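Single-letter residue listing:
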Amino acid sequence: MVELARRLGVRDAAVIGLGSMVGAGVFAVWAPAARAAGSLLLVSLVIAAFVAYCNAAASAQLAAVYPVSGGTYAYGRERLGPWWGYTAGCAFVLGKTASCAAMALTFATYAVPDHEWARRLIALAAVVALAAVNYRGITRTAALTRTLVACTLTVLTIVVILLLTTSTDHVTDWTAGTSPYGVLQAAGLLFFAFAGYARIATMGEEVREPARTIPRAILIALFGAVGIYLVIGVSLLFALGPDRIASSPAPLAAAVEAAGAAWAQPIVRVGAALASLGALLALITGIGRTSLAMARNRDLPVWLAAVHPRFQVPHHAEIALAAVVGILVLTTDLRGVIGFSSFGVLLYYAIANASAYTQPAGDRRWPRVLNILGVAGCVVLAVTLPLTSAVICAVLLALALLARWVRLRRDRA
């Protein structure tokens, strides 16, 4: 079995994770969350961040002991058994493949806002181009991600300064909220924004000194993203209020317009496009590594387990992913992808927490109570997500489990 090369340090790994979290979600996730949570949007954000912290701690603890590609797919197999690992891997691949298409379409929407087929073709071009970057090696992926993250953070800084230094004419009723169910549903939707640290764990075979690098990179990326989202959330609430956030498909663009800075809308548009590219780049990287791990165990076709002899990346897996995502961006409207992706990823992290709970004392870095809270948080947020998204993801997962059961019966026959 050809192994991947260990080329990433703490900084590169943390940047890839941060690029996954501070991606298109920061420009798009606020509207559906505000519709559910109202003026309690920040409460939902804190809940999502706490569940993300529990999951990050579990992932970091597991990755330090099992520094291989695949993330929770590998951890679930080691700690709970092959079926649990397979379920986690399928949840990750399903949710994140749809997210890839969403990120590509988000990029194209900001780049070419008024022409549907031009958007789809631009989205397809973005998928092909970033898959080619990944094909050339993980160090090129990290270098491009650093550039995209820097551009995104610059744009967000400009937006925050404009919003916090300009008075607005609306009055926010900070006592008006919604039901606890709405707050939890918004937390589940906002969790979509914090799932990027999974990419660090899935690249466990490509970091130097994994027992030290992975835990540090995961926590650095998570706390950085939480801080950024809190600043953006507060700024949007002061600039627009929850009702106007909820009604806008592009809240940051609407916010700078409300602040009397319409000239900044092109900057926001460019920032959103770059953020989408950064998120898409990191998603392709993570899904390719999970697919590689699953293929090595014959849970996916073994053809996907190939590693390029020169660039040392899972090139077959990345080619297959680019093909599937390319079909999706040409044929699918993924407006409900946030709920779909969140459901799959929450299930993935519930298995991660359960796996971490079983680790012996010598391998533990955090108390078991954090794993219990993590499982409970994932389950609660998953069941409060929009019903349609949850049901579709659950049905696809059930079909994947059935496919594995059929294959195992055929192999035993």
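For the structure, check the block above.
Residues numbered from 1 in each chain as written. Predicted model: local features only at pLDDT ≥ 70, side-chain atom pairs only at ≥ 80, totals over all residues. Heavy atoms only, no water.

Caption draft 1: Layout of the overall build of the chain. For the chain, the helix and strand inventory stands at 18 helices and zero strands. Counting only residues that meet the buried cut, the chain has 59% of its 413 residues in that class. Only carbon and sulfur atoms are counted for the fraction: they give 66% of the accessible area of the chain, which is about 15,800 Å². (Helix = DSSP H or I, 4+ residues; strand = E, 2+ residues; numbered from the N terminus. Buried < 20%, exposed > 50% of the residue type's maximum accessible area, 1.4 Å probe, protein only. Areas by Shrake-Rupley, 256 points an atom, 1.4 Å probe, with all protein chains shown as cover.)

Caption draft 2: Representation of the side chain of Ser235 within the structure. Mapped onto the secondary structure, Ser235 falls in helix 11 (residues 210-239). Taking the relative accessible area as the measure of exposure, Ser235 reaches 1% and is therefore buried. Polar contacts involving the side chain of Ser235 include one to the main-chain carbonyl oxygen of Val231, which spans 2.8 Å. With residues up to four places along the chain from it excluded, the contact list for Ser235 reads Val160, Leu163 and Leu164. (Polar contact = N/O pair within 3.5 Å; in protein donor to acceptor, adjacent residues only side chain to side chain. Contact = heavy atoms within 4.5 Å.)

Caption draft 3: Region of the structure containing the packing of helix 5 (residues 72-79) against helix 16 (residues 337-357). Two elements in contact, helix 5 and helix 16, have axes separated by 9 Å at closest approach and are oriented at 40 degrees. It follows that helix 5 is oblique to helix 16 by the angle criterion. Helix 16 is crossed by helix 5, and the crossing has left-handed handedness. Across from Thr72, Tyr73, Tyr75, Gly76 and Arg79 in helix 5, the residues of helix 16 making contact are Tyr348, Ile351, Ala352 and Ser355. Of the residues in the contact of helix 5 with helix 16, the class split is five nonpolar, three polar and one charged. (Axes fitted to C-alpha atoms, helices over the stretch in contact; angles between N-to-C directions. Parallel < 35°, antiparallel > 145°, perpendicular 65-115°, else oblique. Left-handed = near helix turned anticlockwise from the far one by under 90°. Nonpolar A, V, L, I, M, F, W, Y, C, P; charged D, E, K, R; others polar.)

Caption draft 4: Examining the environment of Tyr73 more closely. Within the secondary structure layout, Tyr73 lies in helix 5. Of the residues examined, Tyr73 reaches a relative accessible area of 1% and is grouped as buried. For Tyr73 and Phe92, which are 19 residues apart along the polypeptide, the C-alpha to C-alpha distance reads 8.5 Å. When sequence neighbours within four positions are dropped, the list of residues in contact with Tyr73 reads Gly85, Tyr86, Ala88, Gly89, Thr290, Ala293, Met294, Asn297, Asp299 and Tyr348. Within polar-contact distance, the side chain of Tyr73 engages the side chain of Asp299 at 2.7 Å.

Caption draft 5: Seen up close, helix 16. The first and last C-alpha atoms of helix 16 sit 30 Å apart over 21 residues, in line with the 30 Å expected at 1.5 Å per residue. Counting buried positions along helix 16 gives 18 out of 21 residues, so the element sits mostly inside the fold. (Expected span 1.5 Å × (residues − 1).)

Caption draft 6: Highlighting the packing of helix 16 against helix 17 (residues 368-383). Remark: helix 16 packs on helix 17, axes separated minimally by 8 Å, with the N-to-C direction vectors making an angle of 160 degrees. As far as their axial angle goes, helix 17 and helix 16 are roughly antiparallel. The handedness of the crossing between helix 16 and helix 17 is left-handed. Here helix 16 contributes Phe343, Leu346, Tyr349, Ala350, Asn353, Ala354, Ala356 and Tyr357 to the contact with helix 17, which in turn contributes Arg368, Leu370, Asn371, Ile372, Gly374, Val375, Cys378, Leu381 and Ala382.

Caption draft 7: Spatial organisation of the packing of aromatic side chains. Applying the stated criterion across every chain, the model contains eight aromatic pairs. Ring centres of Tyr53 and Phe223 lie 5.9 Å apart, and the angle between their planes is 45 degrees; this geometry places the pair in the tilted category. With a gap of 170 residues between them, Tyr53 in helix 4 (residues 41-65) and Phe223 in helix 11 connect regions that are remote in the sequence. Relative accessible area serves as the criterion here: at 23%, Tyr53 is assigned to the partly exposed category. On the basis of an interplanar angle of 35 degrees and a centroid distance of 5.0 Å, the ring pair of Phe92 and Tyr348 is categorised as tilted. Separated by 256 residues along the polypeptide, Phe92 in helix 6 (residues 82-111) and Tyr348 in helix 16 bring together distant segments of the chain. When its relative accessible area of 1% is taken as the criterion, Phe92 is described as buried. According to the relative accessible area criterion, Tyr348 is buried, its value standing at 1%. (Phe/Tyr/Trp six-rings, centres within 6.5 Å; stacked < 30°, edge-to-face > 60°.)

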